[in-house]
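Observations on the model geometry
One letter stands for each residue in the lines below.
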Number of protein chains: 2
Amino acid sequence: MSAPLSAGDGMDSGNLYGVGVGPGDPELMTLKAVRRISASPVIGYFAARGRPSNARRIAEDLITEHHRELRFDYPVTVECLAPTQSYEQMLLGCYDEAAARVEEELLAGHDVAVLCEGDPLFYGSYMYLHNRLADRFTAKVIPGISSLTAGSAAIGRPLACGDELLSVLSGVMSADDLKTSLVACDAAVIIKLGRNLVKVKSVIESVGLLDRAYYVERATSAAEICSPLADADIASAPYFSMVVIPSAVAGLR
Amino acid sequence: MSAPLSAGDGMDSGNLYGVGVGPGDPELMTLKAVRRISASPVIGYFAARGRPSNARRIAEDLITEHHRELRFDYPVTVECLAPTQSYEQMLLGCYDEAAARVEEELLAGHDVAVLCEGDPLFYGSYMYLHNRLADRFTAKVIPGISSLTAGSAAIGRPLACGDELLSVLSGVMSADDLKTSLVACDAAVIIKLGRNLVKVKSVIESVGLLDRAYYVERATSAAEICSPLADADIASAPYFSMVVIPSAVAGLR
């Protein structure tokens, strides 16, 4: 893999690697991810404050006492905010601080592998480091299995075929926008559900797609839950859940 | 990974595995794909008649003299068709015949691993076997790195973030449909280019997205080509090429 758009400028600087570790099952890491994690002296990962890192857990069997670990804590929304401070500002501060810590390692000549659940550039946090560092250091991305393909594997249904339009939607979108997008596509995956799942299910029902929709939680991990959306407990969807609406045609060809 | 929707009915039948081998770089196979290929006595793959199989080439270092190989030849469009025969009919016949050969192995108690470039259920040929066999045999899918994430890794740009709408489009779509879809989404990947690339580029230009569009050919393989679409030779795009239009926002956050 090459990174033609992000050449490094220092012969002695370390390299930044965005390493996709896949959706949850450690066996779904690629050979390249395993090699890169094993060979990097410094490992970074994001995690919610006070919680274990999902990405680190996937790769934990590869991490030894020879690795130095950089944990980047996300601020949690329940923390008290000063009157002038928004959550968005806190997030940007978190990314700036994480990038500064990675930069320090790169300048010292150390390679840094940042572990990313799923794929690093597909709705992932790695992009915030990439955007801050790839213009000054060599930054390479090792793609990972995304929730998109993990979800269709979990339900065992072809996602899309031929000339079909597949859309990745967010549960945060408004009901009207979701409806418009669902009507326009042949197959869809809806991520970022959480408390939005009640709205998402209602929209799916309103456009007549409920019988094709599946609910998938923590795809490919030991805690995987997978059922028709009609049967799912929509009150309790965690962040790492999604709705998969496979193509009507792809399963019949 | 479970396959709750495709339980086998014979205690002694073999299992069918749809194994994603990723976009091209053999190191982008997952540990699970490597294990499954190594452990399966029978390996199947599709290929254009007279041409090497891309999926087999990716996995070739894992294939030994202990494997029995089932090669499924696609009919090629330049073959003479009888007056009553369409290419579509020939394809369906090809899938039926491939499924019959796999079924024979499964009934004999042999596991069959079908190698799939990219991901098995994401616009892939494996679905034609899955659709014909998963109701009678245990069929499990091992997801692979899709062209979607391989393409964004190749250009080194975040694909989408936050609540953005990402669409996968086909170059076979009409210019009007492509235009409508491109305007409606925040980021897009356009697959199945070939001779459609001239039309695709023209549509992208007409909606003002040319400066954000990249052309990627055989992402992650030794033959990878990657450039801004404006600079690409659009007369010669092979089937395994795509256009990636990353989100305008994701690269700036």
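Calculation notes
Residues numbered from 1 in each chain as written. Chains lettered and ligands numbered in written order. Predicted model: local features only at pLDDT ≥ 70, side-chain atom pairs only at ≥ 80, totals over all residues. Heavy atoms only, no water. Helix = DSSP H or I, 4+ residues; strand = E, 2+ residues; numbered from the N terminus. Rg over C-alpha atoms; globule rule 2.2 N^0.38 Å. Buried < 20%, exposed > 50% of the residue type's maximum accessible area, 1.4 Å probe, protein only. Contact = heavy atoms within 4.5 Å. Areas by Shrake-Rupley, 256 points an atom, 1.4 Å probe, with all protein chains shown as cover. Lys, Arg positive; Asp, Glu negative; His and termini not counted. Charge placed at Lys NZ, Arg CZ, Asp CG, Glu CD. Axes fitted to C-alpha atoms, helices over the stretch in contact; angles between N-to-C directions. Parallel < 35°, antiparallel > 145°, perpendicular 65-115°, else oblique. Left-handed = near helix turned anticlockwise from the far one by under 90°. Nonpolar A, V, L, I, M, F, W, Y, C, P; charged D, E, K, R; others polar. Phe/Tyr/Trp six-rings, centres within 6.5 Å; stacked < 30°, edge-to-face > 60°. Lys NZ or Arg CZ within 6 Å of the ring centre and 35° of its normal. Pairing = 2+ DSSP bridges. Buried area = accessible area lost by both parts, 1.4 Å probe. Salt bridge = Lys/Arg side-chain N within 4 Å of Asp/Glu carboxyl O. Polar contact = N/O pair within 3.5 Å; in protein donor to acceptor, adjacent residues only side chain to side chain. Least-squares fit on C-alpha atoms with pLDDT ≥ 70 in both. Domains from an automatic or database assignment.

For the rest of this paragraph, the subject is the overall build of chain A. A tally of helices and strands in chain A yields seven helices and ten strands. In summary, chain A has a C-alpha radius of gyration of 20 Å against a globular reference of 18 Å for 253 residues, a match within 12%. Counting only C-alpha atoms and orienting by the principal axes, one finds that chain A spans roughly 60 × 50 × 35 Å. Split into buried and exposed, the 253 residues of chain A put 56% on the buried side. Once local pairs closer than 6 in sequence are excluded, the contacts in chain A between residues at least 24 apart make up 71%. Accessible area of chain A: about 10,400 Å², with a carbon and sulfur share of 52%. Mean positive and mean negative side-chain charge positions of chain A (22 and 31 charges, respectively) differ by 1 Å.

Let us now look at the packing of helix 3 (residues 87–107) of chain B against helix 4 (residues 126–133) of chain B. Residues and elements named next belong to chain B. Between helix 3 and helix 4, the shortest axis-to-axis distance is 9 Å and the interhelical angle comes to 60 degrees. Of the possible angle classes, the one that applies to helix 3 and helix 4 is oblique. As helix 3 runs across helix 4, the sense of the crossing is right-handed. Touching Leu92, Tyr95, Asp96, Ala98, Ala99, Val102, Glu103 and Leu106 of helix 3 are Tyr128, Leu129, Arg132 and Leu133, all from helix 4. Classifying every residue of the contact of helix 3 with helix 4 gives nine nonpolar, no polar and three charged.

By the definition in use, this model includes twelve aromatic pairs over all chains. Ring centres of Phe46(A) and Phe72(A) lie 5.1 Å apart, and the angle between their planes is 55 degrees; this geometry places the pair in the tilted category. Highlighted residues: Phe46(A) in strand 2 (residues 42–48) and Phe72(A) in strand 3 (residues 68–74), separated in sequence by 26 residues. The burial state of Phe46(A) is the same as that of Phe72(A); both residues are buried. On the basis of an interplanar angle of 5 degrees and a centroid distance of 3.9 Å, the ring pair of Tyr95(B) and Tyr128(B) is categorised as stacked. Pair noted here: Tyr95(B) is in helix 3 and Tyr128(B) is in helix 4, with a separation of 33 residues, a long-range link. Comparing Tyr95(B) with Tyr128(B) shows no difference in burial state: the two are buried. Among the aromatic side chains, those forming a connected cluster through ring pairs are Phe46(A), Phe72(A), Tyr74(A), Tyr95(A) and Tyr128(A). The residue whose ring lies beneath Arg36(B) is Tyr17(B), and the NZ or CZ to ring-centre distance is 3.9 Å.

So, about the sheet that holds strand 7 (residues 187–191) of chain B. Sheet strands line up and pair through hydrogen bonds in the backbone, either parallel or antiparallel. What the ten strands build is an open sheet, ordered 9(A)-8(A)-10(A)-7(A)-6(A)-6(B)-7(B)-10(B)-8(B)-9(B); its pairing is mixed. Unpaired on one side and paired on the other, strand 9 (225–228) of chain A together with strand 9 (225–228) of chain B mark the two borders of the sheet. Each strand axis lies, on average, 15 degrees off the axis of its neighbour in the sheet, ignoring direction. The sheet strands contacting helix 7 (residues 197–206) of chain B are strand 7, strand 8 (214–217) and strand 10 (241–245) of chain B, and the helix crosses strand 10 of chain B at an angle near 5 degrees.

Right, let's get into the interface of chain B and chain A. In this assembly, 62 residues from chain B lie in contact with 62 residues from chain A. The junction of chain B with chain A conceals about 5,200 Å² of combined surface from both sides, 59% of it contributed by carbon and sulfur atoms. Looking at the side of chain B facing chain A, the largest losses of area belong to Glu27(B), Leu31(B) and Arg253(B), adding up to 13% of the total buried there. Viewed at the interface, chain A and chain B are joined by six salt bridges. For Glu88(B), the salt bridge is made with Arg253(A), and the minimal N-O distance between the two is 3.2 Å. Viewed at the interface, chain A and chain B are joined by 33 residue pairs in polar contact (both at pLDDT 80 or more). When residues in the side of chain B that touches chain A are grouped by element, the largest group, seven residues, is from helix 5 (residues 147–155) of chain B. Alignment of strand 6 (residues 166–170) of chain A against strand 6 (residues 166–170) of chain B, held across three bridges, turns out to be antiparallel. Looking across to strand 6 of chain B, one finds that Leu166(A) is bridged to Val168(B).

This part covers unusual backbone geometry. Even without being glycine, Lys192(A) reaches a positive phi, approximately 55 degrees. Looking at the element boundaries, Lys192(A) is found in the loop between strand 7 (187–191) and helix 7 (197–206). Positive phi outside glycine occurs at Tyr123(B), with the angle close to 60 degrees. Its place among the elements puts Tyr123(B) in the loop between strand 4 (112–117) and helix 4.

Time to look at helix 4 of chain B. Residue and element names in this part refer to chain B. By the criterion of burial, helix 4 is predominantly enclosed, with seven of the eight residues buried. For helix 4, every residue scored as buried is listed here: Tyr126, Met127, Tyr128, Leu129, His130, Arg132 and Leu133. Elements that come into contact with the buried residues of helix 4 comprise strand 1 (16–22), strand 2 (42–48), strand 3 (68–74), helix 3, strand 4 and strand 5 (139–142).

Let us now look at the side chain of Ser227(B). Along the chain, Ser227(B) falls in strand 9. Ser227(B) has contacts with Tyr214(B), Tyr215(B) and Ala232(B), leaving out every residue within four places of it along the chain.

In this section: the sheet that holds strand 4 of chain B. Residues and elements named next belong to chain B. The five strands are arranged 3-2-4-1-5 in an open sheet whose pairing can be described as parallel. A strand with exactly one partner marks an edge of an open sheet, and here the two such strands are strand 3 and strand 5. In this sheet, adjacent strand axes meet at a mean angle of 25 degrees when their direction is disregarded. Where strand 2 and strand 3 come together, seven bridges link them in parallel fashion.

Time to look at the relation of the copies chain B and chain A. Once chain B has been moved 0.0 Å along the axis and rotated by 180 degrees, it coincides with chain A to within an RMSD of 0.0 Å. Taken together, the turn and the small shift mark the pair as related by a two-fold rotation axis.

Moving on, we get to the domain arrangement of chain A. Many structure descriptions define interface size as the accessible area lost when the parts assemble. Residue and element names in this part refer to chain A. According to the domain assignment, chain A consists of domain 1 (16–145) and domain 2 (148–245). Relative to domain 2, the C-alpha centre of domain 1 lies at a distance of 27 Å. Across the contact, nine residues belong to domain 1 and nine residues belong to domain 2. With both chains or domains summed, domain 1 and domain 2 bury close to 710 Å², and 64% of this area falls on carbon and sulfur atoms.

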